[in-house]
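Chain and residue survey
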Amino acid sequence: AGPGSYTVGTMSERFDCHYCRDPLQGKKYVQKEGRHCCVKCFEKICANTCIECKKPIGADSKELHFKNRYWHDSCFRCFKCYTSLVNEPFMLRENNKVWCSNCTATEDAPRCKGCFKPIIAGDQNVEYKKMVWHKDCFTCSQCKQVIGSGSFFPKGDDFYCVSCHEHKFAKTCAKCKNPITSGGLTYQEQPWHSECFICSNCKKQLGGKRFTAVEDQFYCVECYKECVAKKCAGCKNPITAGFGRGTSVVNYEDESWHDYCFKCTKCARGLANKRFVCHNGKIYCAECPKRL
C-alpha cells in the first residue's frame, strides 16, 4: 500500500481547473500528471475507484493500492473478519478480496469430518485414509464415546471402538461364548479361542496338535490312549484308531483288537475281514481247530 500519484494543495497562483476552467486561486486543488484541477473534477474524472465500495477515492481520503487495485483506507479490511489491514499482512484472494493471515490460514485448513469446522495448526487431530477429524470428534459409531488416538475398527463409513466391535462383529467362541478378538481356530466350522480348545484331561491346548473327539470332549493322543481308548485283547496296548499304525478295529464279544493283532492263535494268520473260530476263548482260523 502507498500514496496515490497526485498532490493536493491550495493554489496561491492564478490557475484555472484543467477540466471546468474555474479559477483555482485560493482554493483547494489537486495536481495529477502535471495537470491542476478542482476537487470536484478530480473526484468526478481523475480519482481512482475503491475496489471494495466501488466509490471514488476523494482528495480528502487516504488511499491504499496494491497491484493496480485501490481502496479507501477504511475499506481495506479483511473480507472474512472485517479487521483493518492497514499496516497488517494480508493476502489478495479470489474476487479481489483481501484476507488477513489468520482467516487465510483458517480458510485453507482441512475440514474435520465430524464437525466440518477447520482444523488449524496446533489442534490435535486424527487422520485416516486422507480424512481428518478433531481428536474429540473422532467417536465410535456405536457408543459415541471418543476414540481419539486409541485403537479402532473401520466398517464402511463407520468406526468402532474395540469393545463395540467385539460385541457387534467378532465371532463368539463355541465354548466360553465370549468374542474372539484375535487369533483363535476353527473346528467343524465353529470358532474357538486357542486357550478354550484344550484336552479334557490334561488341559493342554490342542491347536496345531493331533487330537480326537469323544462325545464332545477333546483329548490329546497321550490322554486318549491312557484314559479313553480300549485295550487290544491281543497286544494289550491302547487301540487308537487314526493314530499310529492301525486304522481299523475288530470287535467281538465285548473285546477289541487292532486289525493287525486279530490273528489265528495257532498259525498267526491275519483274520480281519475273514472267517474265524473261537475255541476256549481263543481265536483260530477256520482250518486250525481241525488240527487241535
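Residues numbered from 1 in each chain as written. Predicted model: local features only at pLDDT ≥ 70, side-chain atom pairs only at ≥ 80, totals over all residues. Heavy atoms only, no water.

The protein chain is annotated in an unreviewed UniProt entry as Four and a half LIM domains protein 1 of Herpetotheres cachinnans. The UniProt entry for the protein chain carries this comment under Subcellular location (unreviewed entry): "Cytoplasm". (UniProt positions renumbered as here; feature names shortened; annotations may be inferred.)

Let us look at the pattern of salt bridges. Side chains that differ in sign of charge can pair as their charged atoms come close. Going through the model one piece at a time under the given rule, you end up with 1 salt bridge. As a salt-bridge pair, E52 and K97 come within 3.8 Å of each other at their nearest N and O atoms. One end of the pair, E52, is in the loop between α1 (39-46) and β4 (63-66); the other, K97, is in strand β7 (residues 97-100), with 45 residues separating them in the sequence. (Salt bridge = Lys/Arg side-chain N within 4 Å of Asp/Glu carboxyl O. Helix = DSSP H or I, 4+ residues; strand = E, 2+ residues; numbered from the N terminus.)

What follows concerns the side chain of E63. Counting through the fold element by element, E63 comes out in strand β4. Of the side chains with opposite charge, K32 comes closest to the buried, unpaired E63, at an N-O distance of 7.0 Å. Within the structure, the side chain of E63 is placed 3.2 Å from the side chain of N48, a separation counted as a polar contact. (Buried < 20%, exposed > 50% of the residue type's maximum accessible area, 1.4 Å probe, protein only. Lys, Arg positive; Asp, Glu negative; His and termini not counted. Polar contact = N/O pair within 3.5 Å; in protein donor to acceptor, adjacent residues only side chain to side chain.)

What describes a pair of aromatic rings is the distance from one ring centre to the other and the angle between the planes of the rings. All chains considered together, the criterion is met by 22 aromatic pairs. Measuring from centroid to centroid gives 5.6 Å for Y187 and F197, while their planes differ by 45°, and the two rings are tilted. Taken together, the residues span a long stretch of sequence, with Y187 in strand β14 (residues 185-187) and F197 in the loop between β15 (190-192) and β16 (211-214) at a distance of 10 residues. A relative accessible area of 21% places Y187 in the partly exposed class. Assessed through its relative accessible area of 2%, F197 is described here as buried. Each ring, one from W192 and one from F197, has its centre 5.1 Å from the other, and the planes form 70°; the classification is edge-to-face. What links up through ring pairs into an aromatic cluster is the set Y128, W133, F138, F152 and F159. (Phe/Tyr/Trp six-rings, centres within 6.5 Å; stacked < 30°, edge-to-face > 60°.)

On average, residues of the protein chain score 82 in pLDDT, and 92% of them reach the 70 mark or higher. Averaged over each element, pLDDT in the protein chain is lowest for strand β1 (residues 6-10) (63) and highest for strand β17 (residues 217-220) (90). (pLDDT = per-residue confidence, 0-100.)

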